[in-house]
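What follows is each chain in one-letter form.
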Amino acid sequence: MTYWRLHYHLIWSTFERQPLLIGEREKVFYGVLYNKAKELGIKIHAAGNVDDHAHIVCSIPPRLSVAEVVRQLKGASSFAINQRKDGGESFQWQAGYGALSISERNLEQVMAYAANQKEHHRDNKLVAVYEKIGSEES
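Quick summary incoming for the structure in this document.

Conventions and cut-offs
- Residues numbered from 1 in each chain as written.
- Predicted model: local features only at pLDDT ≥ 70, side-chain atom pairs only at ≥ 80, totals over all residues.
- Heavy atoms only, no water.
- Helix = DSSP H or I, 4+ residues; strand = E, 2+ residues; numbered from the N terminus.
- Rg over C-alpha atoms; globule rule 2.2 N^0.38 Å.
- Buried < 20%, exposed > 50% of the residue type's maximum accessible area, 1.4 Å probe, protein only.
- Areas by Shrake-Rupley, 256 points an atom, 1.4 Å probe, with all protein chains shown as cover.
- Lys, Arg positive; Asp, Glu negative; His and termini not counted.
- Charge placed at Lys NZ, Arg CZ, Asp CG, Glu CD.
- Contact = heavy atoms within 4.5 Å.
- Polar contact = N/O pair within 3.5 Å; in protein donor to acceptor, adjacent residues only side chain to side chain.
- Pairing = 2+ DSSP bridges.
- Axes fitted to C-alpha atoms, helices over the stretch in contact; angles between N-to-C directions.
- Parallel < 35°, antiparallel > 145°, perpendicular 65-115°, else oblique.
- Left-handed = near helix turned anticlockwise from the far one by under 90°.

Digging into the overall build of the protein chain
Alright, step 1. From N to C terminus, the protein chain includes four helices and four strands.
Alright, step 2. Start at the N end of the protein chain and walk to the C end: the helices and strands fall as β-α-β-β-α-β-α-α.
Alright, step 3. In summary, the protein chain has a C-alpha radius of gyration of 14 Å against a globular reference of 14 Å for 138 residues, a match within 12%.
Alright, step 4. Its C-alpha atoms give the protein chain principal-axis dimensions of roughly 50 × 35 × 25 Å.
Alright, step 5. Residues counted as buried form 46% of the 138 residues belonging to the protein chain.
Alright, step 6. Accessible surface, the protein chain as shown: approximately 7,700 Å² in total, 51% of it carbon and sulfur.
Alright, step 7. Charge separation in the protein chain, taken as the distance between the mean sites of 17 positive and 16 negative side-chain charges, equals 5 Å.

Spelled out as structure tokens, the structure:
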């Protein structure tokens, strides 16, 4: 058996930072996120969002690359959201993402930050490095 402790804070945004991750779309996102993570063997420790981006704290087994995990999670969630016939705008994620490795010592702190996104944004208590979202292709 392989021993591993690979924890990541993943951040990605909606296309053009449009405020589309709300209501039923938000519910669909979380349903797909947790189901897809289980399918891939990823442990989601915490997740949170505001209307234009999401934060996920997870452990990814070494057999999977971070890029592949993000591709799978973004692809499955946008597909599922667009299957809903809500009459709203088409949903898509921005290309790119942020990925930060997390030590065991800081895992709980980052989990709390991700899980409480709405409060952090409402109270303007953001941690700049945790809010960076890349622009390269994912």
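Section: the environment of R17
Alright, step 1. Within the fold, R17 resides in the loop between β1 (7-13) and α1 (23-40).
Alright, step 2. Taking the C-alpha atoms as reference points, R17 and H53, 36 residues apart in sequence, are found 7.2 Å from one another.
Alright, step 3. Not counting residues up to four positions away in its chain, the partners in contact with R17 are D52, H53, Q94 and I133.
Alright, step 4. In terms of polar contacts, R17 uses its side chain to reach the side chain of H53, at 3.3 Å.

Concerning the sheet that holds strand β4 (residues 98-102)
Alright, step 1. The strand order across the open sheet built from four strands is β2-β3-β1-β4, with neighbouring strands paired in antiparallel fashion. Looking at the sheet topology across the chains shown, the edges are occupied by β2 (43-50) and β4. This sheet shows a mean twist of 15° between the axes of neighbouring strands, independent of strand direction.
Alright, step 2. Looking at chain direction, β1 and strand β3 (residues 53-59) are connected through seven bridges and run antiparallel.

Some thoughts on the packing of α1 against helix α2 (residues 66-83)
Alright, step 1. Packing of α1 against α2 leaves a shortest axis separation of 9 Å and a crossing angle of 140°. Taken as axis vectors, α1 and α2 run oblique relative to one another. Judged by the twist between their axes, the crossing of α1 over α2 is right-handed. Seen from α1, the contacting residues are R25, V28, F29, V32, L33, K36, A37 and L40; seen from α2, they are Q72, L73, A76, S77, A80 and I81.

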